[in-house]
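# Structural description and commentary
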Amino acid sequence: MSWFTKWSFANKAAIALISVFVIALGIVSYFQMPMEFLPQADNPQVTIVVMGQGTDSKTMESEVTSPIERATVAIKGKSVTLSTTGDGFSKIDLFFEAGTDMKQAKQDVQESLGTLSLPQSVSKPFITQLDTSMIPVSFVAITFKDGITPKNIQLAKEKLEPIYKDVKGVSQVQTTGIEESFVSVKLDTEKLMEKQIPVQSIVGALQGQNGAFAVGEDLINGKTSNIKVVGDLSSLKELKNLRVGGNATLGDISSIKETRSEGVINRFNGKDSIELAISKDGQSNAVTLNKDIEKVTDDINKKYDNVNADVFLSTADMVETSVQSMVKEVLLGALFATIVIMVFLKNIRYTFITIVSIPMSFCITLILLSKSGVTLNILTLGGVAVAVGRLVDDSIVVIENIYRKMQTEKFSVNMVIDATKEVSVAITASTLTTVAVFLPIGLVNGSTREFLLPFALTVTYALLASLLVAITVVPVMSAGLLKKAKLKEHKPPVRFEKLVSWSLNHKWIVLSLSFLLFAGSIGAYFTMPKGAVDNSSPDYIQASLNYPNNTPVKEVAENALKLEGAIQQIDEVKSVFTYLGNSASSAEYGAVGSPTEAQFRVFLKDKEDYKKVIKKIEKENFPNAELTVLASSFIGFTDTNITIDVIGDDLKDLETATNQIKDKIRNIEGIERVSTNQDEKKTVYSFLVDPSKGNTGQVASQLGVMLNKTPIGNITLDNKQTEIILEPVMNTETPEDLKAIPVMTQSGSTPIAQVAKLRSEQASTTQFHKDGDPYLQVTAKVDPTKLSEINSRIKSAIFGGEKMKGIDFPDNVDVHVGGASVQQAEDFNDLFITMLVSIGIVFLILVVTFKGFRAPISILFSLPLAAIGSILGLLVSGISVDVTVLLGALMLIGIVVTNAIVLLDRVKHNEKTMSIRDAIKEASVRRMRPILMTAVATICAMLPLLMKEAETGNLVSRSLAVVVIGGLSAATLLTLIVIPCVYELLHFRKSKQQRLQNQVNKDLSN
């Protein structure tokens, strides 16, 4: 490495120019790098949604869900299939193994469904696959003074949406709330009977009225010409005048109007609205793009008097807040590190030379990140915040060695080069070991790897850059600025030297105490709760008003609007979005659910008021409905739900087992809420047709028209094709009304009771499958800090344990516990394996550096010393073990060995002229100050992170800082005492012989 130093002195002007270029390019890179909330990470899930208005859940299950499940069963990489089938919809979620190419997976799904034949009455399958790059940067609500009319929908689709799509940097605009109007035809049954017009003749009269049909070709005027029949139904007046039988027109026997579905609500602040979710491309800056979107929104409001567009949520605000927060912590960390260096060196020039490595390393890091295609997000900035204290470590060791040599030698360029050369091996090995811990990051599966990668790259680039600066820029600056520097004489720490001597003479006491502390800390670790990353920064409030499936949609809609009004009256509320029902526009993005559940997204003026607002909303009383109000984040990094899947063939057994589990775990301490996907039973009436009296298919077809909305044709309104829907003919309120429905048979019109028996039963209207088998799921929302502890209690309650009897399940019922606890176990296992591999790589680097095994083994003894401090820090702070804690432990592997490397590198250097005991004592005294300086600088630089609360998707927070600070503090203090003892113990015979020889020589000299 001395070649770099010599080249730098031979090219001082070039070093100065390169430094200026690096800082300039770093600043340019910062402003040019795409700024976004999270790094791109695929969600290993493909969702398929099929809509079937008026189709019951059992039919959807047999004719849609099951065929799709069979068609996708052999798709490569698929791990599990979950499906939910309800009245009018089918949703199938395909989950894939970590590392699967999700673009290819989506294409495989599309190809598997390409040849699938589904009923004509259902929509084509909507296939969606989302990743973090598709997270919208802005949400825009559009309302109109005269409401959502066909004209306004056309304006939104043809004018407003393209305006947003044309904004530079926008990749996609998702539009929901655009429910096309339709022409409603409500028949008057009395007039139908009076004029003796069957319903089937009305359907026949309307079907094909507005179509265009090719009927062939013929010779016309001597030329071959095509012949078509074209219908031109273009106004409600023409529709009303349409003859349907005898002299009767459609207007005579029905009321006709243009309307929209009552079962679908999409409202913003009490007005019907259209919602636009705008996503950015991979090269754009989220903050800049959001400003452009806000400008476009203002322009739209000025241009269209009838339109009110409002950017009600922006992830760019979160990006900007997170970036500002992390930049503040980086600057504070740099300030604290500077103060520490100043306190130790007591010289402004030395301090200035040392801290130059911080901006230089940052700029090099930004350049490399930009060229690597990494964006500026909360994880890359988190990597900078974590690395800031470590950036000065190499420079501190170099400058401190120069300082030492200046005490005994005349200042010269050669002296500076020699001082740098002396420590170059140590600082190179230290930096490489710190970087090496991130090499096995590929062993981590799933989203954790996607999130760790930009963090790891940032730390790696920063540390390698700091090493380069330490062996090039720092020596050159030292030669220029320290020529005439006046230095205070450094006094050796006499007391510390005596402590080291005592420790070497009493190795077994030191090592035994260290072992006891380590064993105690490991024992404490196993008793500590293992939690999930706590997302303690809610972005909005999510409320749901859930009614039983047999509740009329009209009643649900009325109560949803009442709750909406109540929420709007709360002073702390800024805005509220209300959703109800399933629509084609929402199904396109995989969003479907119960038609009797209303959803509310509540945005606050101040997010800190969320607890107060939740309590106010929960006070609202809606009989027969379940009101759930939760603080929600824009994108949860991890959930803290433990799920219990109950799988089997018999639905009754599944329901019984599910209720038993729910009752058994409900009162476990730490469980905040227990829910199931089991919906309430709904009365299902079935007609059993006597085949000798009627045809089942014909009867079903007639009843479908009588009881459901039925598409019967199209009409051209305002140059747009509009569907004509025949409203249910019969208004049945009792079983007797059902029996009285008239149907056409071979003998004429007759009540259906004459040809079929009516049977009623209580049945679930929602079917759930797991890998094609029926299943039910119990979900327990738990305290994230006690995830593993609660998971153990749940398993004991279900399966039995110490002094606890489990639940007896039928042989055909299987129960599996999963959710956040399984994900936690996988993440922990992956990170532990990563740690072991990292230790192996670190050991390899040390063996190459020291050309032997004894010094590397001695250095690795600093790892258990770090564990003592880390676990003690967690116990004192009350923080549970989660992924960020283990990430901190992974970083510690590379950080804590640096102190031992610097120490033993000096010992090995001294052994050429000294005995092992003297070499250890001299090295300990000489390296004490740089070791303390680097450790304290790193610790102080991380102090701002101690005050940092967890943010959505951010792995860098208080728990990581506690682990690193605690581990580094303990390892630093104990390394100076324990590592010398271990090293001498591994050279016990040689050291003992040297001491005996020294004693003999001493006696002879006397």
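This one's a predicted model, so the numbers in the text were calculated from it and none came from an experiment. (Residues numbered from 1 in each chain as written. Predicted model: local features only at pLDDT ≥ 70, side-chain atom pairs only at ≥ 80, totals over all residues. Heavy atoms only, no water.)

Attention shifts here to the overall build of the protein. Looking only at helices and strands, the protein has 33 helices and 30 strands in total. The principal-axis extent of the C-alpha atoms belonging to the protein is close to 140 × 75 × 60 Å. Among the 1006 residues that make up the protein, the fraction classed as buried is 53%. In the protein, 79% of the contacts between residues at least 6 apart in sequence involve partners at least 24 apart. Of the roughly 46300 Å² that the protein leaves accessible, carbon and sulfur atoms contribute 54%. Each charge class in the protein can be summarised by its mean position, and for the 100 positive and 104 negative side chains these summaries are 12 Å apart. (Helix = DSSP H or I, 4+ residues; strand = E, 2+ residues; numbered from the N terminus. Buried < 20%, exposed > 50% of the residue type's maximum accessible area, 1.4 Å probe, protein only. Contact = heavy atoms within 4.5 Å. Areas by Shrake-Rupley, 256 points an atom, 1.4 Å probe, with all protein chains shown as cover. Lys, Arg positive; Asp, Glu negative; His and termini not counted. Charge placed at Lys NZ, Arg CZ, Asp CG, Glu CD.)

This part takes up the domain arrangement of the protein. How big an interface is tends to be stated in terms of the accessible area lost upon association of its parts. According to the domain assignment, the protein contains domain 1 (491-527 + 852-1005) and domain 2 (540-582 + 589-632). Taken over C-alpha atoms, the centre of domain 1 sits 56 Å from the centre of domain 2. (Domains from an automatic or database assignment.)

All chains considered together, the criterion is met by 20 salt bridges. The closest approach of N and O atoms between Asp272 and Arg267, which form a salt bridge, is 3.7 Å. Given the relative accessible area of 33%, Asp272 is considered partly exposed. Across the salt bridge formed by Glu422 and Arg906, the nearest N and O atoms sit 3.6 Å from each other. Of the two residues, Glu422 is situated in helix H16 (residues 413-436) and Arg906 in helix H30 (residues 883-910); the sequence distance between them amounts to 484 residues. Bridged by salt links that share partners, the residues Lys405, Glu409, Glu422, Arg906 and Glu922 form one connected network. (Salt bridge = Lys/Arg side-chain N within 4 Å of Asp/Glu carboxyl O.)

We now examine helix H7 (residues 199-206). Regarding H7, the residues found buried are Val199, Ile202, Val203, Ala205 and Leu206. All buried residues of H7 lie within an arc of 160° about the axis, which places them on one face of the element. (Arc of directions from axis to C-beta.)

Taken together, the four bridges between strand S25 (residues 742-745) and strand S26 (residues 748-751) define a ladder with antiparallel strand orientation. From the neighbouring strand, Thr745 faces S26, where its bridge partner is Gly748. Hairpin connection of S25 to S26: two residues between the antiparallel strands. (Pairing = 2+ DSSP bridges.)

Look at Asn269: it is not a glycine, yet its phi comes out positive at around 50°. Looking at where Asn269 falls in the secondary structure, it is placed in the loop between strand S13 (265-268) and strand S14 (271-280). In the Ramachandran plot, Asp771 falls in the positive-phi region, its phi being about 50° despite a non-glycine side chain. Structurally, the position occupied by Asp771 is in the loop between strand S28 (767-770) and strand S29 (773-782).

So, about the environment of Pro711. On the secondary structure map, Pro711 appears in strand S23 (residues 710-717). With 12 residues separating them in the primary sequence, Pro711 and Glu723 have C-alpha atoms 6.9 Å apart. In this structure, Pro711 is in contact with Glu723, Ile724 and Ile725, ignoring residues within four places of it in sequence.

Enumeration over the complete set of coordinates arrives at four cavities of 30 Å³ or more. Roughly 80 Å³ of internal volume is contained in the second largest cavity. As for the second largest cavity, its lining consists of Arg390, Asp393, Asp394, Val397, Ile427, Ser430, Thr898, Asn899, Val902, Pro930, Ile931 and Thr934. Looking at the lining of the second largest cavity, the elements that each hand over two or more residues are helix H15 (393-408), H16, H30 and helix H31 (916-946). When its residues are assigned to classes, the lining of the second largest cavity shows five nonpolar, four polar and three charged. (1 Å grid on protein atoms, 1.4 Å probe; cavity = no way out; pocket = protein on both sides within 12 Å on 5 of 7 lines; lining within 4 Å. Points joined across faces, edges and corners; volume = space filled by probe spheres on them. Nonpolar A, V, L, I, M, F, W, Y, C, P; charged D, E, K, R; others polar.)

Our next topic: the environment of Thr551. Along the chain, the position of Thr551 falls in the loop between strand S16 (540-546) and helix H20 (553-568). There is a polar contact of 2.9 Å between the side chain of Thr551 and the backbone oxygen of Pro548. (Polar contact = N/O pair within 3.5 Å; in protein donor to acceptor, adjacent residues only side chain to side chain.)

Among the surface-exposed residues, Leu499, Trp502, Ile509, Leu513, Phe515 and Leu516 lie close enough to one another that they form a single nonpolar patch of about 620 Å² accessible area. Looking at where Leu516 falls in the secondary structure, it is placed in helix H19 (residues 507-527). On the basis of relative accessible area, Leu516 is assigned to the exposed category, the value being 56%. (Patch = residues over 30% accessible without salt bridge, like charges linked within 9 Å, V, L, I, M, F, W, Y side chains within 5 Å.)

What follows deals with helix H14 (residues 378-387). With 10 of 10 residues buried, H14 lies mostly within the body of the structure. By the burial criterion, the buried members of H14 are Ile378, Leu379, Thr380, Leu381, Gly382, Gly383, Val384, Ala385, Val386 and Ala387.

Overall, mixed pairing links the four strands, which are arranged S12-S7-S24-S23 in an open sheet. The open sheet has two free edges, formed respectively by strand S12 (254-259) and S23, since each of these has just one partner strand. Taken over all neighbouring pairs, the strand axes of this sheet differ in orientation by 25° on average, direction set aside. Looking at chain direction, strand S7 (residues 182-187) and S12 are connected through six bridges and run antiparallel. Across the sheet, Lys186 pairs through a bridge with Ser255, a residue of S12. (Axes fitted to C-alpha atoms, helices over the stretch in contact; angles between N-to-C directions.)

As a further point, take the side chain of Thr175. Examined against the element boundaries, Thr175 turns out to sit in strand S6 (residues 170-176). Within the structure, the side chain of Thr175 is placed 2.9 Å from the side chain of Glu161, a separation counted as a polar contact.

Mapped onto the elements of the fold, Gln767 is located in strand S28. When sequence neighbours within four positions are dropped, the list of residues in contact with Gln767 reads Ser57, Lys58, Glu61, Ser83, Thr84 and Thr85.

Moving on, we come to the packing of aromatic side chains. All told, the structure shown has 12 aromatic pairs when counted by the stated rule. Relative to Phe31, the ring of Tyr30 has its centre 5.2 Å away and its plane inclined at 85°; by these criteria the two rings are edge-to-face. Classification of Phe31 as exposed rests on a relative accessible area of 64%. Here the aromatic residues Phe139, Phe268, Phe312, Tyr540, Phe577, Tyr579 and Phe603 are joined through ring pairs into a cluster of three or more. The ring centre of Tyr540 lies 5.9 Å from the NZ or CZ of Arg601, which sits over that ring. (Phe/Tyr/Trp six-rings, centres within 6.5 Å; stacked < 30°, edge-to-face > 60°. Lys NZ or Arg CZ within 6 Å of the ring centre and 35° of its normal.)

This part takes up the packing of helix H23 (residues 651-665) against helix H26 (residues 787-799). Axis angle and axis distance: for two packed helices, these are the angle between their axes and the distance between the axes, and together they describe the pair. Put simply, H23 and H26 touch, their axes get as near as 10 Å, and they point 130° apart. Regarding the angle of H23 to H26, the classification is oblique. For the element pair H23 and H26, the recorded crossing hand is right-handed. Mapping the contact onto sequence places Ile661, Lys664 and Ile665 in H23 and Ile794, Ala797 and Ile798 in H26. Across the contact of H23 with H26, the residue classes tally to five nonpolar, no polar and one charged. (Parallel < 35°, antiparallel > 145°, perpendicular 65-115°, else oblique. Left-handed = near helix turned anticlockwise from the far one by under 90°.)

Relative to the helices and strands, Ser796 resides in helix H26. You can call Ser796 partly exposed: its relative accessible area is 24%. For Ser796, the contacting residues outside a window of four places in its chain are Gly801 and Met804.

Let's shift gears to the packing of helix H18 (residues 494-505) against helix H32 (residues 958-986). Where H18 meets H32, the closest approach of the two axes is 9 Å, and the angle between their N-to-C directions is 40°. Overall, the two elements H18 and H32 adopt an arrangement that is oblique. At the point where H18 passes H32, the crossing takes the right-handed sense. Touching Phe496, Leu499, Val500, Ser503 and Leu504 of H18 are Leu976, Ile977, Pro980, Cys981 and Glu984, all from H32. Broken down by class, the residue content of the contact of H18 with H32 amounts to eight nonpolar, one polar and one charged.

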